[in-house]
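Chains, contacts and geometry: an overview
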Amino acid sequence: MTFTQQIITIGMVVLGTMLTRFVPFLVFPAGKPTPKYIQYLGKVLPAAVFGLLVIYCLKNVSLFAGSHGIPEMIGIAVVVGLHLWKRQMLISIAGGTVCYMLLVQFVF
């Protein structure tokens, strides 16, 4: 990339970031009620994203080769257990990821 292309790329990234940060406040001002469809999306999208992550992470797991999916299943069990215990999505995901990485690096 030339220097000019680098500057244009950085400018576009900054512009895209600023738009995604400021547009919601312009479209949905504080004085007006939030539309029902936006409230609906706020309720269903976190679970949909979590489901998408699960499918993406498990798409290449082979039950008939390698570790037979054992570290993945243990990681999923840790995520579910942590989530049922703490009800904190970040802790659940981080705990499952750390457990899976330790299993892959040191056990399997």
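Notes on the structure follow. Here the residue index of a chain counts from 1 through its sequence in written order. Local features in a predicted model are, by the rule used here, given only for residues with pLDDT of at least 70; side-chain atom pairs are given and counted only at 80 or more, and totals for whole chains, interfaces and linings are based on all residues. To obtain the side-chain values, all non-hydrogen atoms of the structure were included, while hydrogens and water were left out.

With that settled, the discussion passes to unusual backbone geometry. Not every positive phi belongs to a glycine, and histidine 68 is a case in point at roughly 60 degrees. The helix and strand labels rest on DSSP assignments: H or I over at least four residues marks a helix, E over at least two residues marks a strand, and numbering proceeds from the N terminus. Positionally, histidine 68 belongs in the loop between α2 (36–58) and α3 (70–86). A 1.4 Å probe rolled over the protein chains alone gives each residue an accessible area, and that area as a share of the maximum for its type sets the label: buried under 20%, exposed over 50%, partly exposed in between. The class for histidine 68 is partly exposed, based on a relative accessible area of 41%. Unusually for a residue other than glycine, arginine 87 sits at a positive phi of about 60 degrees. Within the secondary structure layout, arginine 87 lies in the loop between α3 and α4 (89–107).

What follows is about α4. Between the first and last residue of a helix there are one fewer steps than residues, each counted as 1.5 Å, and that sum is the expected span. With 19 residues, α4 should cover 27 Å at 1.5 Å per step; its first-to-last C-alpha distance of 26 Å lies within 8% of that length. Within α4, burial applies to Ser92, Gly96, Cys99 and Leu103. With its buried residues spanning 65 degrees around the axis, α4 presents them on a single face. In α4, those exposed residues whose orientation departs by more than 90 degrees from the buried face are Leu90, Gln105 and Phe106. Think of it as the arc spanned by the lines of direction from the helix axis to the C-beta atoms.

In contact at an axis separation of 8 Å, α3 and α4 are set at 155 degrees when each is read in the N-to-C sense. Classified by the interaxial angle, the pair formed by α3 and α4 is roughly antiparallel. Handedness of the crossing formed by α3 with α4: right-handed. Residue-level inspection shows Pro71, Glu72, Ile74, Gly75, Val78, Val79, Leu82 and His83 of α3 in contact with α4, the latter providing Met89, Ile91, Ser92, Gly95, Gly96, Cys99, Tyr100, Leu103 and Val104. Axis definition: a line fit to C-alpha positions, over the contact stretch in the case of helices; interaxial angles, taken between N-to-C directions, run 0 to 180 degrees. Throughout, the term roughly parallel applies to angles under 35 degrees, roughly antiparallel to angles over 145, roughly perpendicular to angles from 65 to 115, and oblique to all others. Each crossing is labelled by how the near helix is turned from the far one, with a counterclockwise turn of less than a right angle marking it left-handed and a clockwise turn marking it right-handed. In this analysis, two residues are considered to be in contact whenever any of their non-hydrogen atoms come within 4.5 Å of each other.

Aromatic contacts are taken between Phe, Tyr and Trp rings whose centres are within 6.5 Å, Trp giving its six-membered ring; a plane angle under 30 degrees counts as stacked, one over 60 as edge-to-face, and the others as tilted. Under the criterion given, the structure shown has zero aromatic pairs. In our convention, an over-ring charge means Lys NZ or Arg CZ found within 6 Å of a ring centre and within 35 degrees of that ring's normal. Here lysine 86 stacks its cationic end above the ring of tryptophan 85, 4.4 Å away from the centre of that ring.

A separate point is the side chain of serine 92. One can find serine 92 in helix α4. Whenever two N or O atoms come within 3.5 Å, that pair is a polar contact, provided that in protein one can donate a hydrogen and the other can accept it, and provided that, for residues adjacent in sequence, both atoms are side-chain atoms. A polar contact of 2.9 Å, which involves the side chain of serine 92, links it to the backbone oxygen of glutamine 88. Discounting chain neighbours no more than four positions away, the residues touching serine 92 are Val79, Leu82 and His83.

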